[in-house]
Amino acid sequence: MSDQKIVALVLAGGKSSRMGEDKALLQFWGKPLLTRVCEVAENVKLPVYILTSWPEKYQEILPESYQFLLEKNPGNGPLVALAQGLQMISADWVLLLGCDLPLLNSEIIHHWMTQLKEVPEHVLAMVPYYQSSWEPLCGFYRKQALINLQGFIELGARSFQLWLSQIDVIKLSLGEEEAAMLFNCNTPEEFDKLKENN
């Protein structure tokens, strides 16, 4: 892997409207969710970038080694956020992560990372696929995907599922452990259930 640069891009720009409060700051196992996700990326030796509209809100809970990127077009969804990240970050691959993945597992992420060196040049992404749907907010995206992605966005499209169905992607099939790792909580009820079970 030494010949390929991989970085983590954590998205922390959502409105958290269904949760009713900022998901990134929800406490789980004694830490904000955003902190937990960033630490998993750091555990697998990745430089960490956080894309957000309000970096000042998160700077006090994260170490200075993490780099903040100011989101230029907030409210346009994660696909547009990924395009901005690919524009601003110099790396062969970007591991895109949502800030609301409380059960993210560094061992699984590391195992997936080791597969990147075998990915053919024409493949633009390597993304988990579960129950007939992509899990794009824990996926790997090649820098060269930017041109295709910008063209897709310029047509007015915003669907991650549609974009991934149109490009060359390696599907990461999920077992029970991997599927559980990708749980994300969108409502207070889901978050309460998560805490009860963990």
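Before any of the text, the structure's been laid out above.
None of the values given here were measured: they were computed from a predicted structure.

Peer 1: Requested: an account of the overall build of the protein, with residues and values cited.
Peer 2: Along the protein, the regular secondary structure elements total 8 helices and 10 strands. What you see for the protein is a C-alpha radius of gyration of 16 Å, in line with the 16 Å of a compact globule of 198 residues. The C-alpha extent of the protein, read off along each of the three principal axes, is 45 × 35 × 35 Å. The burial tally for the protein puts 51% of its 198 residues in the buried class. Contacts spanning at least 24 positions in sequence make up 72% of the contacts within the protein whose residues lie at least 6 apart.

Peer 1: Run through the environment of Val10, naming residues and quoting values.
Peer 2: Checked against the element boundaries, Val10 lands in strand 1 (residues 6–11). For the pair Val10 and Pro78, spaced 68 residues apart in the sequence, the C-alpha separation amounts to 10 Å. In contact with Val10, not counting residues within four places along its chain, are Leu34, Val37, Cys38, Val48, Tyr49, Ile50, Leu51, Leu97, Gly98 and Cys99.

Peer 1: Provide a residue-level description of helix 1 (residues 33–43), including the pertinent values.
Peer 2: Among the 11 residues that make up helix 1, 8 are buried, leaving the element largely enclosed by the rest of the structure. Along helix 1, the positions that sit buried rather than exposed are Leu33, Leu34, Thr35, Arg36, Val37, Cys38, Val40 and Ala41. The first or second residue beyond helix 1 is Lys45, which carries a positive phi of 65 degrees.

Rules used in this analysis
- The residue numbering used here restarts from 1 in each chain and proceeds along that chain's sequence as written.
- The predicted nature of this model means local features are confined to residues of pLDDT at least 70 and side-chain atom pairs, given and counted, to a pLDDT of 80 or more, with totals for whole chains, interfaces and linings taken over all residues.
- Hydrogens and waters are ignored; side-chain quantities use all the structure's heavy atoms.
- Secondary structure follows DSSP: runs of H or I at least 4 residues long count as helices, runs of E at least 2 residues long count as strands, and numbering of each begins at the N terminus.
- Computation of the radius of gyration draws on C-alpha atoms alone. For the globule rule, the value is 2.2 Å times the number of residues to the power 0.38.
- In this scheme, a residue with accessible area under 20% of its type's maximum is buried, one over 50% is exposed, and one in between is partly exposed, where area comes from a 1.4 Å probe on protein chains only.
- We call two residues in contact when some of their heavy atoms are within 4.5 Å.

Function cannot be read off these values alone, since they describe shape.
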